[in-house]
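Next come the chains, spelled out residue by residue.
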Protein chains: 2
Amino acid sequence: MDRQQSGRNLTQQLVHVLGAAIANGRYRPGDGLPSEASLCDEHGISRSATREAIKMLTAKGLITSRPRQGIRVQPRARWNLFDPDVLGWILNASPSLEMLREFLQLRMAIEKEAAALAAADQDRQKVAAIGAALQQMKEAEEGLRDPVEADIAFHINILNATNNPFYVQLGSFIETALRVSIRFTNRIKGVETASYANHKKLFDAIDRGEILAARAASGAMQAEALALIEGELDRREIEGSVATA
Amino acid sequence: MDRQQSGRNLTQQLVHVLGAAIANGRYRPGDGLPSEASLCDEHGISRSATREAIKMLTAKGLITSRPRQGIRVQPRARWNLFDPDVLGWILNASPSLEMLREFLQLRMAIEKEAAALAAADQDRQKVAAIGAALQQMKEAEEGLRDPVEADIAFHINILNATNNPFYVQLGSFIETALRVSIRFTNRIKGVETASYANHKKLFDAIDRGEILAARAASGAMQAEALALIEGELDRREIEGSVATA
DNA sequence: GGCCCATTTATTTGTCATATTAATCGATTG
DNA sequence: CAATCGATTAATATGACAAATAAATGGGCC
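Note that the structure is a prediction, hence the values are computed from the model and not measured.

Asker: For this particular structure, what's the right way to read the packing of helix 5 (residues 97–121) of chain A against helix 9 (residues 195–207) of chain A?
Answerer: The description of two packed helices rests on the angle between their axes and on the distance between the axes. Residues and elements named next belong to chain A. Their axes nearest at 7 Å, the elements helix 5 and helix 9 cross at an angle of 40 degrees. In terms of their interaxial angle, helix 5 and helix 9 are classed as oblique. Only Leu 202, Ala 205 and Ile 206 of helix 9 make contact with helix 5, whose side of the interface consists of Ala 115, Ala 118 and Ala 119. For the contact of helix 5 with helix 9, the residue count by class is six nonpolar, no polar and no charged.

Rendered as structure tokens:
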């Protein structure tokens, strides 16, 4: 294993190599990974480093290891999907439209309520942070800033403004997934074109403490994105059946 | 460290000891933990086992460790709250009413949409599993079964019936939190008394594919529980201010 | 004299190598 | 059929050295 690489230590490098390999299906649930000894040989590192990597993957729910049985991949239901690393490996392995839809279905739930909670809580400082991100989105429309970063910041700041640690924690989850899915949806259509107006409407509702309006505005935005994906899924299905007919 | 204890190996024992200590505030964010060497001494185990425990806690986002700086507790926003271990440590450390409310605010978001998705997806086999859990709740009312287990199974099965891996994964999260919070709310009032009727209404809506009704029924149940907690919070606040007056 | 920057030093984790122990699956044998 | 034995694999222990880096140190400059 390349020792100079990427500022990460050997253990972390191996964690990412194995995590990605598991996520992309090179090792499948139920399958065994190579034994500790083999992994040491394959990557040219010591047992300590190897074992520590295995322990980290175990902690994230991807594998188990027991004497005599070796190291096995856990069923996907045991993976900690909400761990940013795990999510990143999965999304980078296969950023499918199906998974994108599933992700949006979750955002639909989370962000609608988050908007409502933020509107209810009225933490002025954190609401201001949402406004700042909105301003950056406007500047991005004029080409002065990175539109992706501004968009992400907007959504993260809403979660922060709930002052609910569970929602705040979901920020890192949504950020990871958003980076992948934005790259993905931008290929389909100009998803984020008319987005500033929508985002402003949502911000105004939160700012004024209009709980129902905030929930509705958030839901509308998510529903729009979801409809786009589901339309694309339908289209591909029809194309597929025509092609095979 | 007691080597015969609890079927867990030394590393896992230390993980749980330290995880619990961090969650209950013995070590606070920003603070340093004892060095590797000290931890070995304190617990009477080798450096290998100690280091592997540290790596597992690192993987869960609770700590970082760097040469010369030592081991430090991460800010809470970095903790993987959705890791069942982490959540368990936190809830067992301080099952406060505030956190219970925050948890319910999250369930409100998740389970409402999950009910809608389950109603839309109409996976007959998984809907039947919800029905089976409901039946167990009925039997539990007559004292034939454990009411807590049946209640949990009901909610988990709705998440499974979404066929969305993100919602499915949240099952283990909600299960962990539910076990604690049920123990907690039962002390306050007979929360789960009239619950069978509510649960049946929700099940029927999912079973018939009535998306809006399913979302509404789930929302109503959650809102009821939430109102109870918030009422209790208000009551205690008033009592507190009277007491200090 | 006091301040800033380069250098050194000391501490702590990172990595390696090797030996031994414990758990467990499968075969063997009474 | 059951108890036992053997082989395989991870679990634990130990000791050594390397690398990273925070803090102390000292030298040069204003």
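This is not the end of the story, as more comes after the structure.
Asker: In this structure, what is going on with the domain arrangement of chain A? I would like to understand it.
Answerer: Where interface size is quoted, it is often the accessible area lost as the parts come together. Partitioning chain A into domains gives domain 1 (5–78) and domain 2 (95–244). For domain 1 of chain A versus domain 2 of chain A, the separation of C-alpha centres amounts to 34 Å.

Asker: I would appreciate a short explanation of unusual backbone geometry in the present structure.
Answerer: Leaving glycine aside, a negative phi is the common case for residues, and trans is the common case for peptide bonds. Residue and element names in this part refer to chain B. Phi at Gln 122 is positive, roughly 55 degrees, even though this residue is not glycine. With respect to the helices and strands, Gln 122 occurs in the loop between helix 5 (97–121) and helix 6 (124–141). A positive phi angle, close to 55 degrees, is found at Asn 163, a residue other than glycine. On the secondary structure map, Asn 163 appears in the loop between helix 7 (147–160) and helix 8 (165–188). On the basis of relative accessible area, Asn 163 is assigned to the partly exposed category, the value being 31%.

Asker: What am I meant to see in the environment of Ala 128 of chain A here?
Answerer: Residues and elements named next belong to chain A. If you trace the backbone, Ala 128 turns up in helix 6 (residues 124–141). Taking relative accessible area as the criterion, Ala 128 reaches 47% and is therefore assigned partly exposed. Along the sequence, Ala 128 and Phe 203 sit 75 residues apart, while their C-alpha atoms lie 9.7 Å from each other.

Conventions and cut-offs
Counting starts from 1 at the beginning of each chain's written sequence and moves along it residue by residue. Lettering for chains starts from A, numbering for ligands starts from 1, and both go in the order in which the items are written. Owing to the predicted nature of the model, reporting of local features is limited to residues with pLDDT of at least 70; listing and counting of side-chain atom pairs is limited to 80 or more, with chain, interface and lining totals taken over all residues. Side-chain numbers come from the whole structure's heavy atoms, not from hydrogens or water. Fitting a line to C-alpha atoms yields each axis, with helices limited to the stretch in contact; the angle taken between N-to-C directions then spans 0 to 180 degrees. Secondary structure elements follow DSSP: runs of H or I of four or more residues count as helices, runs of E of two or more count as strands, with numbering from the N terminus. Note on angle classes: values under 35 degrees are labelled roughly parallel, values over 145 roughly antiparallel, values of 65 to 115 roughly perpendicular, and the remainder oblique. Here, residues are in contact when the closest pair of their heavy atoms is within 4.5 Å. Residues are grouped as follows: Ala, Val, Leu, Ile, Met, Phe, Trp, Tyr, Cys and Pro are nonpolar; Asp, Glu, Lys and Arg are charged; every other residue, Gly included, is polar. Domain delimitation follows an automatic or database domain assignment. Exposure classes here rest on a 1.4 Å probe applied to the protein chains alone. A residue is buried below 20% of its type maximum, exposed above 50%, and partly exposed in between.

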